[in-house]
Structure formats: structure tokens, C-alpha cells
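# Notes for the structure review
Single-letter residue listing:
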Amino acid sequence: MVVTVIGLGYVGLPLCIEFARSGLTVVGIDVDPERVRRVNEGESYILDIPDAAIQELVRSGHLTATTGFDVLSTADAVCICVPTPLRKSQDPDISYIVSAVDEIQPRIHPGMLIVLESTTYPGTTEELVLPRLSESGLEVGRDFFLAFSPERVDPANTRFGTRNTPKVIGGVTPQCTEKATALYRHAVDTVVPVKSARAAEMVKLLENTFRAINIGMVNELAIMCERLGVDVWEVIEAAKTKPFGFMAFYPGPGLGGHCIPIDPLYLSWKLKTINYTARFIELASAVNSSMPEYVVGRIHEALDQCQRSLKGSRILVLGIAYKPDVSDTRESPALDIMGLLQKRGAEVSYADPYVPHIEVLGQRYEAYDLSRGLESFDCVAIVTHHARFDYHQIAREARLVFDSRNALQGVPPGPGCRIITL
Ligand code: SAJ
């Protein structure tokens with residue numbers, strides 16, 4: 001059986017590895033020749049995949065990569081793992097899915113299985129992918145098979161990977177579901193068939209909307225607690241002692257990453273096209289995107305209390321990646337915070353062991369070397385709490401810390417250090 005995967009990113013490449021490890025012949029397709037070269041030379045560019053894992057499968061002939069699409073003409077299956085970002089207008093950008101489907105359509109043949117994995121709004125598989133593939137004259141469920149199966153890859157998660165994360169699969173017809181579950185049984189331990197592609201699309205959006213809304217709720221709770229003079233972190237820790245019916249989320253500087261801030265907007269966009277307003281999604285999105293401004297306001301207040309104005313103050317932002325212990329800065333609220341501080345005239349620097357340099361509002365920044373000490377900063381803002389930071393050094397050397405992650409909990413402040421927590 002020849003399986004092809006379009007898109008060799010943090011979703012597609014691990015999927016190739018699991019299919020190839022099961023003994024299938026796998027051809028990875030990517031538009032980036034550099035990625036294709038690195039796969040064929042056994043060089044990993046994905047944090048969770050060691051070079052050896054690729055080398056072994058390339059050497060055994062189970063895995064190859066190419067920029068060409070002609071292999072689809074003889075492939076038994078193709079999995080589409082391409083990005084689904086938002087446009088500047090905040091509308092879904094499904095152009096990568098369309099490009100992939102347009103490469104498949106002229107190469108579709110009897111018996112072929114097509115599975116879409118990219119996160120998208122409910123209806124994409126049936127309303128957008130199916131018509132294009134049906135232009136071939138072949139009939140879905142009889143001549144070719146089409147399903148949706150959401151990716152559940154969590155970068156840097158050492159416990160759950162492609163193989164041991166249950167895989168939801170929804171076909172356009174029952175035969176499609178059957179074909180797709182048979183394929184995925186090669187790559188994952190547990191498959192979870194659902195009644196339709198639309199249901200499978202919705203499962204993924206429920207998963208990530210659940211997170212975005214709960215994070216929004218706890219961010220608003222943090223704002224409420226600050227006004228009430230209550231320690232939100234203590235409140236959450238105490239609520240966590242409830243052994244049932246509660247799941248802890250934590251306030252922070254906003255919502256980053258290319259999943260959680262974006263996926264729910266795919267759902268609310270789709271509902272708008274059928275005249276429904278997804279109120280929880282829109283409210284959570286408003287609260288989460290207001291957090292960078294809220295953090296800068298709290299820093300401004302803290303400096304005022306030390307008779308310092310924000311303008312001209314030297315501020316160090318600690319942690320630029322969108323979440324701890326990753327290098328990905330996509331949608332990171334830390335970038336918004338730096339931009340807001342820059343606009344208000346502060347002298348901004350950042351430090352992040354995973355991100356050597358960044359550009360914010362057209363200005364390029366090199367990561368600050370923490371071994372130079374923190375004494376020269378008027379305020380140090382902990383925005384992303386990487387495990388690799390030395391929090392005792394921060395509490396010892398900084399004069400003022402705004403801690404948006406409660407990362408200094410239990411760390412005694414140095415004699416001249418004032419710590420304010422979100
Ligand atoms: N965040 C908070 N408070 C929280 C949790 C997260 O402010 O309590 C922030 C993070 O700092 C980050 C953003 O939200 O900026 C998203 O964080 P995340 O923990 O949800 O991590 P992601 O974006 O990597 O989400 C992925 C998702 N995986 C997939 O989409 C396949 C998500 O479904 C996973 O649940 C999540 O990882 C995970 O659990 O780590």
C-alpha cells in the first residue's frame with residue numbers, strides 16, 4: 001500500500017513516520033524543497049522527531065519525500081496536512097487545502113482514499129473538497145473514498161504522540177469511514193469513528209474552543225480578582241482541590257499559538273454564514289485579545305507607583321514564544337506586549353532561550369543575554385515562563401517584576417525586588 005502525505009510539518013511528518021514504521025510505503029509531499037531534501041537526507045526539522053527515526057525509514061525505503069504530486073496517480077491514499085491560518089480579515093484561509101485538492105483531482109483514480117486532517121470549519125470536506133474531487137466523474141463511497149480526521153498533535157508533548165493519541169475519523173459515507181479507519185489502524189493505537197466528516201470537523205473545534213473559552217473565562221476572573229483584592233492564583237489552586245467537576249485553566253498575557261486563538265474563529269465564521277452569532281467564542285476572543293493591553297496597563301501602574309513613567313523606562317520581556325518550552329512565536333501575546341510598550345515609548349528588550357531574534361512593528365530585536373544581569377531594567381515582565389529561566393536570579397537581580405504567569409510563586413524576592421503578579 002502506498003500512502004502519501006501532503007504537508008510535512010509538525011503534523012504530516014510524524015504521521016509519515018508512523019505509517020512507514022507500520023511497513024507501508026510512504027511518500028511525503030511538500031512544496032518546500034528544503035524540507036524534502038532534509039527528509040531524504042534523514043535530517044529532522046521537527047522538535048519531537050530525532051534524525052535517527054527518519055534515517056532508518058529512508059534507508060529501508062519505507063519513506064521518501066518529493067515536491068512533485070505525480071505519485072498521487074498511483075497512491076492508494078493521501079492525507080492532507082496543510083496549514084489553515086486566518087486571513088488579515090480574520091476570515092478562514094483555506095487556500096492551502098484548495099491547492100492540495102487541486103493537485104489531487106486530476107490524479108484521482110478508482111480505490112483512492114483521501115483524508116483531510118487540517119483543522120477547518122464544519123462542512124469543508126463535504127461542501128468544498130467533495131465537489132472538486134467529484135468533477136473527476138468518479139463517485140464517492142464507490143470509486144473513491146473521502147474522510148476528515150482532525151490532527152491532535154501537541155508539539156513538545158512527551159507523553160502523547162501520533163501513535164498513542166486516539167484518532168477521530170468521519171467519512172462522507174460509511175464506506176469512506178471504514179476505509180479511513182482501516183488506514184489509520186496502521187498508524188495509531190485507537191481509532192474513533194464518527195457518523196460524518198462534518199461531525200469529525202466539529203469534534204476538533206469543540207476541543208479547541210473549549211480551551212479558548214475557559215482561558216478567556218479565567219482571564220476575566222483574574223481581572224475581577226485584582227479589583228476585589230483577591231489572589232486569583234490561590235483561588236484556582238484551592239478550586240483544584242475539588243476532585244470532580246472542575247478543570248484548572250490559568251490566566252496569562254493572552255492567547256498564542258496557531259491552534260487555540262484561530263480554530264474557534266473558523267467555527268464562529270461558519271455560523272455567521274448561516275446567520276448565527278457564536279457568542280461565547282466572540283466574547284472569549286475579545287477577552288483573550290484584550291490581555292496584552294491589560295498587562296501593559298498593569299506594568300504602567302506598577303511603574304507609576306515607583307514614580308517612574310512608562311515612557312523612557314527600560315523594560316525586559318521574558319519569554320517570547322507562545323507557550324513555555326517551545327520556540328514557536330506565532331500569535332504570541334508577548335509580541336503584542338512588546339509592540340504596545342514600544343508604542344508607548346518604553347525602551348523594550350526581550351530574552352528567550354528559544355528565540356534568538358524577532359521583529360516587532362518593523363523593529364528588529366536580538367535576544368538579551370541574561371548573564372549580563374537584570375539590574376539595569378526598570379521592570380522585568382515574565383510573559384512566557386520557560387522552565388530554563390533562572391527564577392531565583394530574576395527575583396534576586398530585578399528591581400520590579402510583573403509576573404503574568406505566577407512563575408515566581410514560592411521564590412523569595414531579593415532585598416530590592418518588588419513582585420507584582422497578574
Ligand atoms: N494558555 C493560557 N492558560 C491556560 C492554557 C493555555 O493562557 O490555562 C495559553 C498558552 O500560554 C498559549 C495558548 O493559551 O498561549 C494556547 O496554549 P495551549 O496549552 O492550548 O497549547 P497549544 O496552542 O499548543 O494547543 C495544543 C492543542 N493541540 C491541538 O490542537 C492538536 C490543544 O488542543 C491541546 O489541548 C494543547 O496543545 C495542550 O493541551 O497542550
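Everything numeric in this text was worked out from a predicted model, so none of it was measured.

## Describing the overall build of the protein
Secondary structure summary: the protein contains twelve helices and 15 strands in total. Along the three orthogonal principal directions, the C-alpha set of the protein runs to about 75 × 50 × 45 Å. The buried share among the 422 residues of the protein stands at 53%. The contacts of the protein with a sequence gap of at least 6 include a subset with a gap of at least 24, amounting to 66%. Taken as a whole, the protein presents about 19,000 Å² of accessible surface, with 54% of it coming from carbon and sulfur.

## A few points about unusual backbone geometry
Unusually for a residue other than glycine, Gln90 sits at a positive phi of about 70°. As for its placement among the helices and strands, Gln90 is situated in the loop between β4 (77–80) and α4 (95–104). Gln90 sits in the partly exposed class, given a relative accessible area of 45%. Even without being a glycine, Asn406 presents a positive backbone phi close to 55°.

## A short note on the site of the ligand
The immediate surroundings of the ligand are formed by 17 residues, with Lys204, Asn208, Arg211, Tyr250 and Tyr322 found nearest. Between the ligand and Asp154, the relevant distance is 2.8 Å, taken from an oxygen atom to a side-chain nitrogen or oxygen of the residue. One of the side-chain nitrogen or oxygen atoms of Asn208 is found 2.7 Å away from an oxygen atom of the ligand. Relative to its unbound accessible area of 740 Å², the ligand is 84% covered by the protein chains. Split into classes, the residues belonging to the shell around the ligand amount to eight nonpolar, two polar and seven charged. Here the shell around the ligand gathers at least three residues from each of two domains, domain 1 (2–195) and domain 2 (197–422).

## Let's talk about the packing of helix α5 (residues 124–134) against helix α7 (residues 197–228)
In the contact formed by α5 and α7, the axes pass within 8 Å of each other and the chain directions differ by 125°. Relative to α7, the element α5 lies oblique. Contact residues: α5 offers Thr124, Thr125, Glu126 and Glu127, while α7 offers Ala197, Arg198 and Glu201. Its residues assigned to classes, the contact of α5 with α7 comprises one nonpolar, two polar and four charged.

## Structural notes on the environment of Ser89
Following the sequence through the fold, Ser89 ends up in the loop between β4 and α4. Between the C-alpha atoms of Ser89 and Gln307, which are 218 residues apart in sequence, the distance is 41 Å.

## A word on the domain arrangement of the protein
In terms of domain boundaries, the protein breaks down into domain 1 (2–195) and domain 2 (197–422). Distance from the C-alpha centre of domain 1 to the C-alpha centre of domain 2: 33 Å. Contacts between the two partners involve 31 residues from domain 1, matched on the other side by 22 residues from domain 2. Between domain 1 and domain 2, roughly 2,300 Å² of surface is buried when both sides are summed, and carbon and sulfur atoms account for 62% of that area. Our enumeration of links across domain 1 and domain 2 arrives at six salt bridges. A salt bridge links Lys323 to Asp154; the nearest nitrogen and oxygen atoms lie 3.2 Å apart. Viewed at the interface, domain 2 and domain 1 are joined by 14 residue pairs in polar contact (both at pLDDT 80 or more).

## Topic: the nonpolar core
Of all hydrophobic cores here, the largest spans 118 residues; its most connected members are Phe19, Ile114, Tyr184 and Val317. Looking at this core element by element, the count peaks at nine residues for α7. Both domains that furnish three or more residues to this core are identified here as domain 1 (2–195) and domain 2 (197–422). Ignoring sequence-local partners within four residues, the contact set of Tyr184 consists of Leu15, Phe19, Cys79, Val115, Glu117, Ser149, Lys167, Ile169 and Val191. Of all hydrophobic cores here, the second largest spans 19 residues; its members include Ala351, Leu370, Val380 and Leu408.

## A look at the sheet that holds strand β14 (residues 400–403)
Pairing within the open sheet is parallel, and its five strands lie in the order β10-β9-β13-β14-β15. Of all strands in the sheet, those bounded by a partner on one side alone are β10 (347–351) and β15 (418–421). Looking at each pair of strands side by side, their axes are set apart by 20° on average, direction ignored. Two elements, strand β13 (residues 379–382) and β14, share three bridges in a ladder whose sense is parallel. Within β14, the residue paired with Ile382 across the bridge is Asp403. Against the sheet, helix α11 (residues 333–343) touches β9 (314–318) and β10, its axis set at about 175° to β9.

Scoring rules and cut-offs
Residues numbered from 1 in each chain as written. Predicted model: local features only at pLDDT ≥ 70, side-chain atom pairs only at ≥ 80, totals over all residues. Heavy atoms only, no water. Helix = DSSP H or I, 4+ residues; strand = E, 2+ residues; numbered from the N terminus. Buried < 20%, exposed > 50% of the residue type's maximum accessible area, 1.4 Å probe, protein only. Contact = heavy atoms within 4.5 Å. Areas by Shrake-Rupley, 256 points an atom, 1.4 Å probe, with all protein chains shown as cover. Near = heavy atom within 4 Å. Polar contact = N/O pair within 3.5 Å; in protein donor to acceptor, adjacent residues only side chain to side chain. Nonpolar A, V, L, I, M, F, W, Y, C, P; charged D, E, K, R; others polar. Domains from an automatic or database assignment. Axes fitted to C-alpha atoms, helices over the stretch in contact; angles between N-to-C directions. Parallel < 35°, antiparallel > 145°, perpendicular 65-115°, else oblique. Buried area = accessible area lost by both parts, 1.4 Å probe. Salt bridge = Lys/Arg side-chain N within 4 Å of Asp/Glu carboxyl O. Core = buried A, V, L, I, M, F, W, Y, C linked by side-chain atoms within 4.5 Å. Pairing = 2+ DSSP bridges.

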